Number of protein chains: 2
Amino acid sequence: MGGDHGPSVVIPAVARALTELPDTVCFLLHGDEAALAPAVAQHAGAAGRVTIRHAERVIGMDEKPAQALRRGKGTSMWNAVEAVREGEAAAAISAGNTGALMAISKLILRMSADLDRPALVAPIPSPKGFTSFLDVGANVDCDAERLVEFAIMGEAYHRAAYGKARPTIGLLNVGAEEMKGHDEVREAHRVLREGGFDLDYRGFVEGDDITKGTVDVVVTDGFTGNVALKAMEGALRLITSELRAALTSGPLATAGALLARGALTQFRERMNRPPAAPLLGLNGLVLKVHGGASGRDFAQALRVAVDLAQSDFAAEIERNMGRLPAALAETSAEPAPDGAI
Amino acid sequence: MGGDHGPSVVIPAVARALTELPDTVCFLLHGDEAALAPAVAQHAGAAGRVTIRHAERVIGMDEKPAQALRRGKGTSMWNAVEAVREGEAAAAISAGNTGALMAISKLILRMSADLDRPALVAPIPSPKGFTSFLDVGANVDCDAERLVEFAIMGEAYHRAAYGKARPTIGLLNVGAEEMKGHDEVREAHRVLREGGFDLDYRGFVEGDDITKGTVDVVVTDGFTGNVALKAMEGALRLITSELRAALTSGPLATAGALLARGALTQFRERMNRPPAAPLLGLNGLVLKVHGGASGRDFAQALRVAVDLAQSDFAAEIERNMGRLPAALAETSAEPAPDGAI
């Protein structure tokens, strides 16, 4: 029921997924049965693979997380996450209110990692495809341990979502040298390098590496990640509007813009296409789809959810997480270098 | 001598400034006299207003700050900063190696504010002109006091550089609510709000507000600022290259791109034009100009330097800085709110 378009996007996405995904994949649709049933009935393939679970209420897109927790029980979002806990669903997918989804998922599924709240991965376009950038979910206070957890979870996610056997990882810093940055990031660097994890850790990267595709996974704390993501989104928005102004500033430019329109549309699509982002660190699989997602975006999110559910994602995370206490103990004995710039 | 283009950009910029600025403004040019003298002699207005100070050596663009400190004495950059300390020059301006300029300036002029190193302001384009964004100079460990210092210095700089009587200030955070963010940013928020400064502080802003122009000055720590700036630069670079690819992807798009070229050039210029950025927190005025600056950029930097030197910039900063100890004492008594999200 969530997102900017609700069932008008979700139902066609499910219909598309029914034809594209193996017929062992089935769907539970949580929401207003009166709205969902007629739309589902139009799709022949839905019989036997789509089940509607009626929910009286929905979480509003503007509701605060605390409000969503108080009155969320029985809403479509709540029921979808509960189905994961009960083992009825392998994953919950929503284009609804992000803060509410995080709060409800944390309450119902509980955190597995030692985080304030689930970590969120943003897919950032690069010349090589997409960089998985985390945490953009606003875990503001991140010590070295949390940064390493993000690296472990982000790597497993990137492999499951993009099929790359051995994703590379970088730790976001203000320079590539070992002495740069604050204590947390230097400590995380040492733990990742020396901790014996099954990870292809490449060291420090800088802000512009996120869109360069220098590494597959860029790790940072939730404060920096949230700010950097929004800063990039803001820059994209400014550029788009300035470009629009420039291309309509005179008859020649306007004619040029008309001729170039196809190319520009293709460009905008690539910059904006958001695959699904999982909420990481939960005991269960929950994916967030962008509120403005199209039917094609949402269908892609369903594919990602199936890939994640069928992958070794959870086991891989657990294996590396198991190394973490020893890795922290081994490296914490080393003194921090002085004179960091 | 510095920057990507050296004297070939600096001399024409000085020539332009000689005609545009009052004839009380004079220039000391530090560098290789053999290279500078013939170029200066071509400009009639230079006589009596331009003095060449010969320097045998220059700081290389790739030299590390520590290296620049060791062997910097007698270089053109060193001499330019020394002229400020000796009261011979009201400001030093360089397009050279940023790290070296910061280290040499700190050594020669000393810090006035309690910072690891000078703070750097980046001018970010917005629909309203430019947002002054600081610190992008990599002061990575910033407590509330340093954030407030950035606000005070950034506000005075914005007024002097852009002529706006009362610049507005925002503190970068992951949300606009009072409870958001880490301790440092919430404490700085309280101090700025309740400290009795002569500042128009507007509260928390988010990453996309930097390019929206929500406030004139956006304040953050040097870690987040450096990452956000580079992330925006990276996004701009990706967009430009993707756009180029899209606009040459077929004959129609290419024809369109040719027709729209003027508009696109104008757009790129606006996005890239870098006014000068001062190194803030020093006992003296030092400005950094982008290494790739054109003659027009450099001339604009000279105007900004004159504006800053003639303004009440330093006195305004000192006045608000004088309020800081009392403001910190007043607000530090308050307990931090629990349950910050």
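The structure presented is a predicted model; accordingly, all values stated were derived computationally and were not measured.

Trainee: Whenever I open this one, the overall build of chain A confuses me. Can you help?
Mentor: Regarding its fold elements, chain A presents 13 helices and eleven strands. For 341 residues, the compact-globule estimate of 2.2 N^0.38 gives 20 Å, and chain A sits close to it at 21 Å. Dimensions of chain A, computed from the C-alpha atoms along their principal axes, are close to 65 × 60 × 40 Å. The buried share of chain A, reckoned over its 341 residues, is 56%. Taking the contacts inside chain A whose residues are at least 6 apart along the sequence as the reference set, 70% of them involve residues at least 24 apart. Of the roughly 14,100 Å² of accessible surface on chain A, a fraction of 52% belongs to carbon and sulfur atoms.

Trainee: Even after reading the chapter, I still don't get the relation of the copies chain B and chain A, so can you show me in this structure?
Mentor: Between chain B and chain A, which share one sequence, the superposing operator has a rotation angle of 180° and an axial displacement of 0.0 Å; the RMSD is 0.0 Å. The transformation relating the two chain copies, once decomposed into turn and shift, fits a two-fold axis. For chain B, the residue whose C-alpha comes nearest the rotation axis is Gly256(B), separated from it by 1.9 Å.

Trainee: Is there a simple way to think about the interface of chain B and chain A in this case?
Mentor: Interface extent is often summarised as the accessible area lost during association of the parts. Contacts between chain B and chain A engage 54 residues on the former and 54 residues on the latter. Counting the surface lost from both chain B and chain A, the interface buries some 4,500 Å², and carbon and sulfur atoms represent 73% of this. In this assembly, chain B and chain A are joined by four salt bridges. Two residues, Asp208(B) and Arg237(A), come together in a salt bridge whose shortest N-O distance is 3.7 Å. Remark: the boundary between chain B and chain A carries four residue pairs in polar contact (both at pLDDT 80 or more). Elements with a minimum of two residues in the side of chain B that touches chain A: strand S5 (122-126), helix H8 (209-212), helix H9 (222-247), helix H10 (251-259) and helix H11 (261-272) of chain B. In terms of residue class, the side of chain B that touches chain A is built from 29 nonpolar, 13 polar and twelve charged.

Trainee: Hey, could you run me through the packing of helix H6 (residues 144-162) of chain A against helix H7 (residues 183-194) of chain A in this one?
Mentor: Packed helices, taken two at a time, are described by the angle between their axes plus the distance between the axes. Residues and elements named next belong to chain A. The geometry of H6 relative to H7 is characterised by a closest axis approach of 8 Å and an angle of 50° between their N-to-C directions. Classed by the angle they form, the pair H6 and H7 counts as oblique. By crossing handedness, the relation of H6 to H7 is classed as right-handed. Residue-level inspection shows Ala144, Leu147, Val148 and Ala151 of H6 in contact with H7, the latter providing Glu184, Val185, Glu187, Ala188, Val191 and Leu192.

Trainee: Quick question: what am I supposed to make of unusual backbone geometry here?
Mentor: Comment: phi is negative for the bulk of residues other than glycine, and the bulk of peptide bonds are trans. All names here are of chain A. The amide bond that connects Leu134 to the next residue, Asp135, takes the cis arrangement and shows omega of 0°. With respect to the helices, strands and loops of the structure, Asp135 is situated in the loop between strand S6 (129-134) and H6. Unlike most non-glycine residues, Arg110 shows phi in positive territory, near 65°.

Cut-off values and rules
Residues numbered from 1 in each chain as written. Chains lettered and ligands numbered in written order. Predicted model: local features only at pLDDT ≥ 70, side-chain atom pairs only at ≥ 80, totals over all residues. Heavy atoms only, no water. Helix = DSSP H or I, 4+ residues; strand = E, 2+ residues; numbered from the N terminus. Rg over C-alpha atoms; globule rule 2.2 N^0.38 Å. Buried < 20%, exposed > 50% of the residue type's maximum accessible area, 1.4 Å probe, protein only. Contact = heavy atoms within 4.5 Å. Areas by Shrake-Rupley, 256 points an atom, 1.4 Å probe, with all protein chains shown as cover. Least-squares fit on C-alpha atoms with pLDDT ≥ 70 in both. Buried area = accessible area lost by both parts, 1.4 Å probe. Salt bridge = Lys/Arg side-chain N within 4 Å of Asp/Glu carboxyl O. Polar contact = N/O pair within 3.5 Å; in protein donor to acceptor, adjacent residues only side chain to side chain. Nonpolar A, V, L, I, M, F, W, Y, C, P; charged D, E, K, R; others polar. Axes fitted to C-alpha atoms, helices over the stretch in contact; angles between N-to-C directions. Parallel < 35°, antiparallel > 145°, perpendicular 65-115°, else oblique. Left-handed = near helix turned anticlockwise from the far one by under 90°.

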